[in-house]
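Listed below, chain by chain, are the residues.
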Amino acid sequence: FPRTVLISGCSSGIGLELAMQLAHDSRQRYQVVATMRDLGKKGTLEAAAGEALGQTLTVAQLDVCSDESVAQCLSCIRGGEVDVLVNNAGVGLMGPLEGLSLTTMQNVFDTNFFGAVRLVKAVLPGMKRRRQGHIVVVSSVMGLQDPQRVCLPPILSGVVFNDVYAASKFALEGFFESLAIQLLQFNIFISLVEPGPVTTDFEGKLLEQVSMAEFPGTDPDTLHYFRDLYLPASRKLFRSVGQSPQDVAQVIVKVISSARPPLRQQTNARYYPLMALKAADPSGSLYVRNAHRLLFRWPRLLSLVLRCLACSCLRTRVQPW
Ligand code: NAD
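Position labels on residues start from 1 in each chain and follow its written sequence. The predicted origin of the model limits local features to residues at a pLDDT of at least 70 and limits the giving and counting of side-chain atom pairs to 80 or more, whereas totals for whole chains, interfaces and linings rest on all residues. Hydrogens are left out, water is left out, and the side-chain values use all remaining heavy atoms of the structure.

### Section: the overall build of the protein
Piece 1. The way it works is that DSSP assigns letters per residue, a run of H or I at least four long becomes a helix, a run of E at least two long becomes a strand, and they are numbered from the N terminus. From N to C terminus, the protein includes 12 helices and seven strands.
Piece 2. Each residue gets one of three labels from its accessible area relative to the maximum for its type: buried under 20%, exposed over 50%, partly exposed in between, using a 1.4 Å probe on protein chains only. Relative to its 321 residues, the protein shows a buried fraction of 49%.
Piece 3. Within the protein, contacts between residues separated by at least 24 positions form 79% of all contacts whose residues are at least 6 apart in sequence.
Piece 4. Accessible area of the protein: about 15600 Å², with a carbon and sulfur share of 55%. Here, two residues are considered to be in contact whenever any of their heavy atoms come within 4.5 Å of each other. For accessible areas, the Shrake-Rupley method is used with a probe of radius 1.4 Å. Any residue's cover is judged against the shown protein chains and nothing else.

Have a look at this one:
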């Protein structure tokens, strides 16, 4: 029987691409429920689905911030049974902390963290009853790292001016790593997929928000650091090491089809180290001081590092596994 895969946030980006790849699986192993908050945006997905629409793919409304929406969506799935849940929906937030309202920050946690928790709570009783299931979470590596080169377990790192977004992804990692231990007893697997920068609408939406925001109450120095140092560096980072949503989706498909899914899976093997510093110094000072130096003291060196990254991307073959 095909496995029912429920994916959140499929109107664009990684979610849309993942829904496509699973729905077009040559062995038809998946029945995809591609969900989105606003069904008015289903056009692109439906056009891309082609013949899979109504066969291996159905589109459904799902706002991860609403209990009613989650209940309604699950009630439309045959038997209410989800074999694989992919928590993909997410929003970003960039900018100096002083200029962001708590409501805006809470919205990030409501979507990225509690949205995933809400969905898990809804599907878990069924998975436990059936003694099987797989929960995939699209997290993030946030900082710079290359686990293959540093030969150390990957560690998430914070990113300047993305404090709240990074915190929401750290929260997911702590939550799901804890849950994974219990769920193994029920033959349910958790996989945290950790992309680096991905060239989706995500960055564009953030930059649009940032260009319109005034960040009231923020001092001129901080605003200067944010607008004149951080933003250009961030744009360069996306341009130099950004991955396509197709590549990320391909890694997720592999995770889903694995007999022994990994707890953590990075998607971008070309993504280079600041992380080695974090691993080398468990106190964390080495990472914080060097990330600070690169952005605030030696921005030219940062440009050089990014150029090297871009060149090494051309040389390094992507080996997601
Ligand atoms: P995206 O903006 O194209 O996709 C995010 C999707 O989530 C959108 O379709 C959006 O409508 C949906 N969404 C937002 N709030 C929702 C809600 N309340 N209910 C349902 N859906 C909602 O960007 P993407 O890059 O495809 O992002 C997908 C995931 O990947 C996110 O969790 C993001 O944090 C993560 N990620 C992205 C990057 C990147 O650089 N783009 C890097 C690492 C991780």
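More follows now that the structure is in view.
### Looking at the confidence of the model for the protein
Piece 1. Looking at the protein as a whole, its pLDDT mean stands at 88, while 85% of the residues score no less than 70.
Piece 2. The pLDDT value expresses, per residue, how confident the predictor is, ranging between 0 and 100. Low pLDDT, under 50, characterises residues 144-154; the stretch is placed with 30 contacts to residues that sit more than four places away or in other chains.
Piece 3. In this model residues 313-321 is a low-confidence stretch, pLDDT under 50, and it forms 19 contacts with partners more than four residues away in sequence or in other chains.

### Here we look at the packing of aromatic side chains
Piece 1. When the centres of two rings from Phe, Tyr and Trp lie within 6.5 Å, Trp using its six-membered ring, the rings pair. Their planes under 30 degrees apart give stacked, over 60 give edge-to-face, and anything left gives tilted. The full count for this structure, using the stated rule, is nine aromatic pairs.
Piece 2. Their ring planes at 90 degrees and their centres at 5.6 Å tell us that F113 and F175 sit as a pair that is edge-to-face. Highlighted residues: F113 in helix α4 (residues 102-130) and F175 in helix α6 (residues 163-184), separated in sequence by 62 residues.
Piece 3. Take F175: its relative accessible area is 26%, and that puts it in the partly exposed class.
Piece 4. Through a chain of ring-to-ring contacts, three or more aromatic side chains come together here, namely F109, F113, F114, F175 and F176.

### Describing unusual backbone geometry
Trans is the prevailing form of peptide bonds, just as negative phi is the prevailing case for residues other than glycine.
Piece 1. Here the phi dihedral of Q28 falls at roughly 50 degrees; this positive angle occurs in a residue that is not glycine.
Piece 2. The residue Q28 is located in the loop between α1 (13-23) and β2 (30-36) in this model.
Piece 3. What makes Q28 exposed here is its relative accessible area of 55%.
Piece 4. In this model, R131 sits at a positive phi of 55 degrees, which is unusual for a non-glycine residue.
Piece 5. For R131, the location among the structural elements is in the loop between α4 and β5 (133-138).

### A short note on the pattern of salt bridges
Piece 1. The term salt bridge refers to a pairing of a side-chain nitrogen on Lys or Arg with a carboxyl oxygen on Asp or Glu at a separation within 4 Å. Following the criterion strictly, the structure yields seven salt bridges and no others.
Piece 2. Here K42 and E46 are joined by a salt bridge, their closest N and O atoms 3.7 Å apart.
Piece 3. Taking the shortest distance from any N to any O, the salt bridge between R264 and E177 comes out at 2.8 Å. With R264 in strand β7 (residues 264-266) and E177 in helix α6, this residue pair connects regions lying 87 residues apart in the sequence.
Piece 4. R264 gets classed as partly exposed once you look at its relative accessible area, which sits at 27%.
Piece 5. For E177, a relative accessible area of 36% translates into the label partly exposed.
Piece 6. What emerges from the salt-bridge pattern is a single network uniting E173, E177, E194 and R264.

### What about the state of the cysteines?
Piece 1. Defined by distance alone, a disulfide is two cysteine sulfur atoms within 2.5 Å. Counted by the stated rule, this structure contains zero disulfides.
Piece 2. For C76, which is in no disulfide, the shortest distance to another cysteine sulfur is to C73 and amounts to 6.8 Å.

### So, the site of the ligand
Piece 1. Taken together, 28 residues are adjacent to the ligand, and S12, N88, Y165, T200 and K205 come closest.
Piece 2. Within the contact set of the ligand, a nitrogen atom lies 3.0 Å away from a backbone nitrogen or oxygen of V64.
Piece 3. Summarising the interface, the protein chains cover 97% of the accessible area of the ligand, which totals 820 Å² for the free molecule.
Piece 4. Those elements that provide at least two residues to the shell around the ligand are α1, α6 and α7 (201-212).
Piece 5. Under this grouping Gly is polar, as are all residues other than the nonpolar Ala, Val, Leu, Ile, Met, Phe, Trp, Tyr, Cys and Pro and the charged Asp, Glu, Lys and Arg. Tallied by class, residues from the shell around the ligand come to 13 nonpolar, 11 polar and four charged. Here a residue is considered near a molecule or strand provided that any single heavy atom belonging to it is located within 4 Å of it. Throughout this description, a polar contact denotes any pair of N or O atoms lying within 3.5 Å of each other; where both atoms belong to protein, one of them has to be capable of donating a hydrogen while the other can accept it, and for residues adjacent in sequence the pair is counted only when both atoms sit in side chains.

### Concerning helix α8 (residues 220-241)
Piece 1. Helix span, expected: 1.5 Å multiplied by one less than the number of residues in the helix. For α8, which comprises 22 residues, the first-to-last C-alpha distance of 30 Å matches the rise-based estimate of 32 Å (1.5 Å per residue) to within 8%.
Piece 2. Of all the bends in α8, the greatest, near 35 degrees, is centred on Y230, and the proline P232 appears no more than four residues after it.
Piece 3. Every buried residue of α8 is listed here: T222, F226, L229, Y230, L231, A233, S234, L237, F238, S240 and V241. The seven residues ending at a residue and the seven starting there each receive a fitted axis; the angle between those axes is the bend at that residue.

### Structural notes on the packing of α1 against helix α9 (residues 245-257)
Piece 1. Axis definition: a line fit to C-alpha positions, over the contact stretch in the case of helices; interaxial angles, taken between N-to-C directions, run 0 to 180 degrees. Direction vectors running N to C along α1 and α9 enclose 55 degrees, while the axes themselves pass 8 Å from each other. With respect to α9, the element α1 is oriented oblique. The handedness of the crossing between α1 and α9 comes out as right-handed. On α9, the residues that touch G13, I14, E17, L18, Q21 and L22 of α1 are P245, Q246, V248, A249, Q250, I252, V253 and I256. Angle categories: roughly parallel below 35 degrees, roughly antiparallel above 145, roughly perpendicular from 65 to 115, and oblique for all the rest. When the near helix sits turned anticlockwise from the far one by under a right angle, the crossing is termed left-handed; a clockwise turn instead gives a right-handed crossing.

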